[in-house]
Amino acid sequence: MRPITASRPEGLTIGKLSQLTGVNIETIRYYEKIKLLPAPSRTESQRRIYGATETRILAFIRRSRELGFSLDEIRALLRLGGPEKASCQEVREIAAHHLDDIRAKISDLRKLERLLAKTVAQCTGTMAPECPVLDILDIRRPQ
């Protein structure tokens with residue numbers, strides 16, 4: 001796989017980069033601010049100019065976020081794909097940890113689904129004081 005940081009300048013504005021990658025302009029600026037995305041070149045009038053490197057990195061970040069990776073995990077993955085060239089083992093460890101987190105969330109969601117399904121099934125549709133759905137949501141409810 002080619003490194004994420006391979007570059008070829010194309011002179012894209014932030015708006016065009018946003019359109020190409022599907023990432024909001026303010027999000028792009030935020031990624032620059034936290035140094036997840038490298039600072040772009042600027043024109044004489046200080047307008048940001050992006051190239052293939054930033055486009056590829058931003059697309060990588062977006063896809064990683066869609067898959068639920070945290071910003072710190074993405075930063076580590078980008079670093080591993082960069083000039084230091086980490087082994088696949090290091091990348092695998094990050095992905096495996098993330099997979100464990102996803103499986104834990106799925107387990108929690110299944111438990112929540114069962115609890116809510118049971119509660120909804122108990123709901124008779126009568127007035128609110130007798131509603132099991134409201135009861136389960138009420139933090140003052142005796143357990």
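All of these numbers come straight from a predicted model, not from anything done at the bench. (Residues numbered from 1 in each chain as written. Predicted model: local features only at pLDDT ≥ 70, side-chain atom pairs only at ≥ 80, totals over all residues. Heavy atoms only, no water.)

Student: Looking at this model, I keep getting lost on unusual backbone geometry. Mind explaining?
Tutor: Here K35, not a glycine, exhibits a phi torsion of approximately 65 degrees, which is positive. Checked against the element boundaries, K35 lands in the loop between α2 (25–33) and β1 (41–42). Overall, K35 belongs to the exposed group, its relative accessible area being 67%. (Helix = DSSP H or I, 4+ residues; strand = E, 2+ residues; numbered from the N terminus. Buried < 20%, exposed > 50% of the residue type's maximum accessible area, 1.4 Å probe, protein only.)

Student: In this structure, what is going on with the pattern of salt bridges? I would like to understand it.
Tutor: Note on pairing: side chains with opposite charge can pair once their charged atoms come close. According to the stated counting rule, one finds five salt bridges in the structure shown. For R29, the salt bridge identified is with E26, shortest N-O distance 2.5 Å. One end of the pair is R29 and the other is E26, both in helix α2 and three residues apart, which spans about a single turn. For the salt bridge of D72 with R75, the shortest nitrogen-to-oxygen distance reads 3.5 Å. Residue D72 and its partner R75 are located together in helix α4 (residues 71–80), separated by three residues, close to a single helical turn. Taking relative accessible area as the criterion, R75 reaches 24% and is therefore assigned partly exposed. One continuous salt-bridge network, built from bridges that share partners, spans R62, R63 and E66. (Salt bridge = Lys/Arg side-chain N within 4 Å of Asp/Glu carboxyl O.)

Student: Would you mind showing me how to read the environment of Y50 here?
Tutor: With respect to the helices and strands, Y50 occurs in the loop between β2 (48–49) and α3 (52–66). Residues Y50 and I14 lie 36 residues apart in sequence; the distance between their C-alpha atoms is 7.1 Å. At 2.3 Å, the side chain of Y50 and the side chain of E32 are in polar contact. (Polar contact = N/O pair within 3.5 Å; in protein donor to acceptor, adjacent residues only side chain to side chain.)

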